[in-house]
Structures are given as structure tokens and as C-alpha cells.
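Report on the structure
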Amino acid sequence: MTDTARTLLDLLDLEELDTNLFRGSGSGGETPTRIYGGQVIAQALTAAYSTVSKRLCHSLHAYFIRPGDPSRPVIYEVDPARDGRSFTTRRVVAMQNGKQILNLAASFHAQEDGWDHQHGMPRVPAPESLEPRHEILKRNASRFAPEKQPELLRPRPFEIREVEPRDPLEPEKTSDANQMWIRMEAAKDAGPELQHVLLAYVSDFGLLGASMRPHGLTFHKPGAMTASLDHAMWFHSPVQLQNWHLYSMDAPFTGNGRGFNRGSIYTEDGKLVASVAQEGLLRPLRF
């Protein structure tokens, strides 16, 4: 297991302070200036799972309220809203400095049989034919300011291969379709709950980027203030993230300083395992 994978798994292993009360680290995630949104979602889902027995999450809905401070821990308070015969409901409040930074509601469902159908997976190149994202960043690192290069080049726990990567500093305007292959080899042998938590973590990666593509924007090009505003996720089937999964995203609408993004996550053989939706801040900067 790589050091970055161990760091992430440690980050998602919360300390239990009291009944329904947990503490997680704010540092160690994807960004140094504020806590990566997927990290807070994943930790909140971990806290909820810690109070649920023998049921898997089928949906979660979260609102980002304030930016998280990576230098401070995050306190997670779980409200055990309901334990029914088929469904279990939890509400989680994430706190820093006595203020809420995220609210999350999650529902857990006992296994049931039913009818099955799904939309097919888009036809895209196989992950083995695509250049790893870290190699693209490495090749472009010299174009960034020296103080930004270490953050760009540091190893990440997930392997990512973008189907249509764009120039990070001089992006062209393209379709809102944003697709990438993702996997984390260290997820092998993880239980179904942790697999969900890891998928929730990575589901925030690149999602807002779909609404930026038609406007020639990236997170590295000045011109827009960006932030995730909310995040919804539905888990359809068990996940094995040590294997490749296609994250297929698009953005049906951008306007009023916001962008609406949605995503579908498939196994390499085409099974739909999760769906995602998110609205993000996409505010033009006035210079």
C-alpha cells in the first residue's frame, strides 16, 4: 500500500468521542488552503455508518455551508433520526470553531430484490490507452509558479485517467462532457461500507469541472471563483474501487453564477454503480 493511500485511509478513520459524536482530521486531503469537499462528505458518511448496522447507504444529500480549515479537526455529530424495518435515516452535522461547515442526510436500505434496468455506459477509450493524469501534470508543472509545483506533483491515492484532458492553463472551449477513469488499488479487501466512503470521496473530484468546460475555464486559470455548494449521491450496487470505474459527467446548465453538474459511475464492464449531482459556484471574477 502506498503512503498516500495509507494517509487517506487514516483520514477516514474517525475518532469516537462519545455516543454519536466523532472527530476527523482536517488536513491531508486534496487541497492545502481549504478542506476538499469530498473529504468532508466521506468523513460524514463514515460517522453515519458508525451508527448503522447491516445496511448500506443508498443515498446521501449534503450542503456545503462554510469552507473547512485544514489546520483544525472537524467534529461530526450524528442524529439517529430513524431506524425502520427497511430504511435507516441519519443526519450528520460537521462543525469547526463551533460553526457548521456541512450538513448531510443519508439513508440506508436493507437488501431487497426488485426489477432491474439501467442506461448503457458511454463508449470511451479503455483506461490503459490513456495517459495518467499525474503524468500530464508533471509535463506541465514547469509552466506553473514555483510555489504551486509541489502541490501539483505530490502523489495522490487515486489513479485518474481523463478521456479528453485539456490544457490546464490555456483551455479551449469544449463540450460539457467530462469523463475519467478512476481506481484505487489499495481499496482491495475493503468492506462495502468503506468502498462507499472512498467512492463518495472521489465523487467530488472534477465534477464542477464539467460546467467549466464550455466556457474555457479550469481550476488553474484565473477568472472564476468556484466552490461546491451541494452534493447528492445515489449508490445503486456494490463497489470494488480497486478496479477501474468510469466517471462520466456533464453539465446541463450554467447560469446566475452557478453550474449544475451530474455524473454516472460505471464498472469497466458497464454496470452503473452510482449517480451523482452537484451545483457549484461559478462566479466571474471582476478585475
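Above this text sits the structure in question.
Each chain has its residues counted from 1, following the order in which its sequence is written. Given that the model is predicted, a residue must reach a pLDDT of at least 70 before its local features are reported, and side-chain atom pairs must reach 80 or more before they are shown or counted; all residues, however, enter totals for whole chains, interfaces and linings. Excluding hydrogens and water, the side-chain figures rest on all heavy atoms present in the structure.

Describing the overall build of the chain
Put simply, the test is: Strands are runs of DSSP state E lasting at least 2 residues, helices are runs of H or I lasting at least 4, and numbering of each runs from the N terminus. Each radius of gyration reported is based on C-alpha atoms, and the globular scaling rule is 2.2 Å times the count of residues to the power 0.38. Buried residues are those whose accessible area, probed at 1.4 Å on protein chains only, stays under 20% of the maximum for their type, while exposed residues exceed 50% and partly exposed ones sit between those limits. Residues are treated as being in contact if the distance between any of their heavy atoms lies within 4.5 Å. Areas reported as accessible are Shrake-Rupley estimates using a 1.4 Å probe. Residue values count occlusion only from the protein chains shown. A positive count includes Lys and Arg, and a negative count includes Asp and Glu. His and the chain ends are not counted in either. Taken as the charge location is NZ of Lys, CZ of Arg, CG of Asp or CD of Glu.
Counting its secondary structure elements, the chain contains 6 helices and 13 strands. Here the C-alpha atoms of the chain give a radius of gyration of 18 Å, agreeing with the 19 Å that 2.2 N^0.38 yields for 287 residues. Relative to its 287 residues, the chain shows a buried fraction of 49%. For the chain, the proportion of contacts with a sequence separation of at least 24, taken over those separated by at least 6, is 72%. Accessible surface, the chain: about 14800 Å² in total, of which carbon and sulfur atoms supply 49%. Positive and negative charge centroids in the chain, built from 32 and 35 side chains respectively, lie 5 Å apart.

Focus: unusual backbone geometry
One non-glycine residue, N20, lies in the positive phi region at around 65 degrees. Summarising the element assignment, N20 is placed in the loop between strand 1 (15–18) and strand 2 (21–24). In this model, D189 sits at a positive phi of 75 degrees, which is unusual for a non-glycine residue.

Focus: the packing of helix 2 (residues 37–49) against helix 5 (residues 192–202)
For the record, the criterion: For helices, the fitted axis covers only the stretch in contact; all axes are lines through C-alpha atoms, and the angles between them, taken along N-to-C directions, range from 0 to 180 degrees. Here the word oblique covers every angle except those under 35 degrees (roughly parallel), over 145 (roughly antiparallel) and from 65 to 115 (roughly perpendicular). Rotating anticlockwise by less than a right angle from the far helix to the near helix defines a left-handed crossing, while the corresponding clockwise rotation defines a right-handed one. Under the convention adopted here, Pro, Cys and the residues Ala, Val, Leu, Ile, Met, Phe, Trp and Tyr are nonpolar, Asp, Glu, Lys and Arg are charged, and Gly plus all remaining residues are polar.
Orientation of helix 2 relative to helix 5, taken along the N-to-C sense of each, is 160 degrees, at an axis distance of 7 Å. In terms of axis orientation, helix 2 runs roughly antiparallel to helix 5. You can see that helix 2 and helix 5 cross each other, and the crossing is right-handed. Every residue of helix 5 that contacts helix 2 at G38, Q39, I41, A42, L45, T46 and Y49 is listed here: E193, H196, V197, A200 and Y201. Here the contact of helix 2 with helix 5 is composed, by residue class, of 7 nonpolar, 4 polar and 1 charged.

Considerations on the pairing of strand 9 (residues 224–228)
Applicable threshold: Strand pairing is assigned whenever DSSP detects at least two bridges linking the two strands.
Here strand 9 lies mainly inside the structure; 4 of its 5 residues are buried. Where strand 9 and strand 13 (residues 272–284) come together, 5 bridges link them in antiparallel fashion. By the bridge assignment, S228 is partnered in strand 13 with G280.

Thoughts on the packing of aromatic side chains
Basically, it comes down to this: Put simply, two rings from Phe, Tyr or Trp (the six-membered ring, in Trp's case) pair if the centres are within 6.5 Å, and we call them stacked under 30 degrees between planes, edge-to-face over 60, tilted for the rest.
For the structure shown, the criterion picks out 3 aromatic pairs. Geometrically, the ring pair formed by Y49 and F108 is edge-to-face, given 5.1 Å between the ring centres and 70 degrees between the ring planes. Of this pair, Y49 sits in helix 2 while F108 sits in strand 6 (residues 99–109), and the two are 59 residues apart along the sequence. No difference in accessibility class separates Y49 from F108, as the two residues are buried. With a centroid separation of 6.2 Å and an interplanar angle of 15 degrees, the aromatic rings of F158 and Y201 are classed as stacked. Of this pair, F158 sits in the loop between helix 4 (149–153) and strand 7 (159–162) while Y201 sits in helix 5, and the two are 43 residues apart along the sequence. One exposure class covers both F158 and Y201, and it is buried.

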